[in-house]
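An overview of the molecular structure
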Amino acid sequence: MRSWWGTSLARAARSVLAAGVLLGPMGTAAADGPQVGGGPGLRLGVVGFYNPRLMVLRYQPLADYLTATTGRRWELVIGTTYDRTVDALCRGDLDLAYLGPYTYVRANALCDAESVVHLQTRGNSTYRSVVMVRVDSPIRALVDLRGGRIGFGELLSTSSHLVPLAMLTDAGIRSTSYSCSLYGHHEHAARAVLLGEVDACAVRDVVGDRFEERGLRVIATSPPIPNFPLAMPADADAALRAK
């Protein structure tokens, strides 16, 4: 399949890396808080980074934490695509959304969504994208992917598409010189390499760590990427925002 994206997405990835995507102050969660009180329930939207089961395991605790600390019950809503989560936030169907760096930029541009906090991964305010191949692959560097097959995650994924696209461009690999497939989730792209469907994949670092134990190795690592923000609509309730 011929590659079909242009340099505009690579430029978008560079803007995320350079600008820090307008993120707000970094915060971490604590377990204590008031009991659930009255009032209508609230909705926490999360873009579908991983498969649905893993998403629930990872992010239901965040919804539970919000329930405990705000005194309002929160429902976890997992978006089927990045765009739909952004659209739902901008329509007011979500009260809070956990967005990727680039999807936050989109939400901010579309409806003035504001970052209220960004979370840490392994105690860090940044993470990285990695490009991986099988351990027995002759591919040693990005330049070796010319004429190859690359598996990505979702179209608007910062670490599983946009930043790796910029990395390839910076390595002199034109988008017309390799074929590509979008697998939706990071794990699916990594498994496609193991199955021989593609020669390489691009995933975020925490996924890459798991697949290094399953037969993949890293050939390229991105610069630090600002971590994911929790964003609220611009007209969100001030008292809720303060909590």
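Below: a short report on this structure. (Residues numbered from 1 in each chain as written. Predicted model: local features only at pLDDT ≥ 70, side-chain atom pairs only at ≥ 80, totals over all residues. Heavy atoms only, no water.)

Our focus in this paragraph is the sheet that holds strand β12 (residues 229-232). Spatial strand order, β2-β1-β3-β12-β4: 5 strands in an open sheet with mixed pairing. Among the strands making up the open sheet, the edge pair consists of β2 (74-78) and β4 (114-118). Across the sheet, the mean angle separating the axes of adjacent strands is 25° when strand polarity is ignored. As judged from the 3 bridges shared by strand β1 (residues 42-46) and strand β3 (residues 96-98), these two strands associate in the parallel manner. Each residue of the ladder has a partner; that of Gly-45, found in β3, is Ala-97. Lying on the sheet, helix α3 (residues 82-91) is in contact with β1, β3 and β12; it crosses β3 at an angle near 160°. (Pairing = 2+ DSSP bridges. Helix = DSSP H or I, 4+ residues; strand = E, 2+ residues; numbered from the N terminus. Axes fitted to C-alpha atoms, helices over the stretch in contact; angles between N-to-C directions. Contact = heavy atoms within 4.5 Å.)

Here we come to the pattern of salt bridges. Throughout the structure, instances matching the rule amount to 7 salt bridges. Asp-136 is the salt-bridge partner of Arg-134, the closest N and O atoms lying 3.1 Å from each other. The exposure class of Arg-134 is partly exposed, given its relative accessible area of 31%. Between Asp-199 and Arg-149 there is a salt bridge, and its shortest N-O distance comes to 3.1 Å. Separated by 50 residues along the polypeptide, Asp-199 in the loop between α6 (186-194) and β9 (200-204) and Arg-149 in strand β7 (residues 149-152) bring together distant segments of the chain. By relative accessible area, Arg-149 is classed as partly exposed at 34%. (Salt bridge = Lys/Arg side-chain N within 4 Å of Asp/Glu carboxyl O. Buried < 20%, exposed > 50% of the residue type's maximum accessible area, 1.4 Å probe, protein only.)

This paragraph deals with the nonpolar core. Membership of the largest hydrophobic core comes to 71 residues, with the highest contact counts inside it found for Leu-44, Phe-49 and Leu-145. The element that contributes the greatest number of residues to this core is helix α2 (residues 52-70), accounting for 6 residues. For Leu-145, the residues in contact, after removing those within four places along its chain, are Val-131, Ile-139, Ile-150, Leu-168, Ser-177, Tyr-178, Ala-200 and Ile-219. (Core = buried A, V, L, I, M, F, W, Y, C linked by side-chain atoms within 4.5 Å.)

Enumeration according to the criterion identifies 1 disulfide in this entry. Two residues share a disulfide in this structure: Cys-90 and Cys-111, whose sulfurs sit 2.2 Å from each other. Its torsion about the S-S bond being -65°, the disulfide of Cys-90 and Cys-111 is classed as left-handed. Of the two residues, Cys-90 sits in helix α3 while Cys-111 sits in helix α4 (residues 101-111), which places them 21 residues apart along the sequence. Its relative accessible area of 29% is what places Cys-90 among the partly exposed residues. (Disulfide = S-S within 2.5 Å.)

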